[in-house]
Amino acid sequence: MENDLKEIYKLLKNSKIIGSGNRTNLNYGGSRAYTMPCGLKWDYINSKYDTTAFDRDNPTIYPILQKFMNKYYPNIKYNSFQINRNFQTLPHKDKNNNGNSLIVGLGDYINGELMLYENDKIKKIDIKYKPYIFDGSKILHWTNNYKGDRYSFVSYYI
């Protein structure tokens, strides 16, 4: 699995992940967020599901992430991924997700754990090349401080 994740990291490093001004409320410091949806997204203007601009710019990423999920996590229901580059999230819940999500960190960084607040306790989860499954719509979560080059991807179902 780790070799597959290292290949995904190389692919993500060479992909086009543009900054989004739409998610500054989730990013420490309110700075531009380098995060892109991949797979299906809800098109609010036309009231339908549609593929993302990221998929059009990077057509090989979704099939490779899909292959990874089908190989290692065939029982996780998903139709979208969130691709993050050096994006440190504030505490939040994923209001539009349905069911469990899978998150994994990739890259050359230290710290950057997934932080969970559940049952009045904070848990620190090491996700660096270690996928973790949780329900992000029900559990408050955020990214711990980190240094280095940190990518992550999150599978989820909308």
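Here, the structure is the one placed above.
Residues numbered from 1 in each chain as written. Predicted model: local features only at pLDDT ≥ 70, side-chain atom pairs only at ≥ 80, totals over all residues. Heavy atoms only, no water.

Caption draft 1: Up close: helix α3 (residues 61-72). Counted at 1.5 Å a residue, the expected span for α3 with its twelve residues is 16 Å, and the 17 Å between its end C-alpha atoms agrees. Residues of α3 that are buried include every one of Ile 61, Tyr 62, Leu 65, Phe 68 and Met 69, and no others. In an axial view of α3, the angular spread of the buried residues amounts to 125°, which keeps them on one side of the axis. Among the exposed residues of α3, those pointing more than 90 degrees away from its buried face are Lys 67 and Lys 71. (Helix = DSSP H or I, 4+ residues; strand = E, 2+ residues; numbered from the N terminus. Expected span 1.5 Å × (residues − 1). Buried < 20%, exposed > 50% of the residue type's maximum accessible area, 1.4 Å probe, protein only. Arc of directions from axis to C-beta.)

Caption draft 2: Structural context of the pairing of strand β4 (residues 80-85). A large share of β4 lies buried, amounting to five of its six residues. Relative to strand β10 (residues 146-156), β4 is paired through six bridges, and the arrangement is antiparallel. Across the sheet, residue Ser 80 finds its bridge partner in β10, namely Tyr 156. (Pairing = 2+ DSSP bridges.)

Caption draft 3: Region of interest: the pattern of salt bridges. Taken as a whole and judged by the stated rule, the model has eight salt bridges. Between Asp 4 and Lys 71 there is a salt bridge, with its nearest N and O atoms 3.1 Å apart. Of this pair, Asp 4 sits in helix α1 (residues 2-13) while Lys 71 sits in helix α3, and the two are 67 residues apart along the sequence. Its relative accessible area of 27% is what places Asp 4 among the partly exposed residues. (Salt bridge = Lys/Arg side-chain N within 4 Å of Asp/Glu carboxyl O.)

Caption draft 4: Fine view of a nonpolar patch on the surface. A grouping of Trp 42, Tyr 44 and Tyr 49 is seen on the molecular surface, where their side chains present a nonpolar patch of about 370 Å² in accessible area. For Tyr 49, the position within the fold is in strand β3 (residues 48-51). Note on Tyr 49: relative accessible area 42%, which makes it partly exposed. (Patch = residues over 30% accessible without salt bridge, like charges linked within 9 Å, V, L, I, M, F, W, Y side chains within 5 Å. Areas by Shrake-Rupley, 256 points an atom, 1.4 Å probe, with all protein chains shown as cover.)

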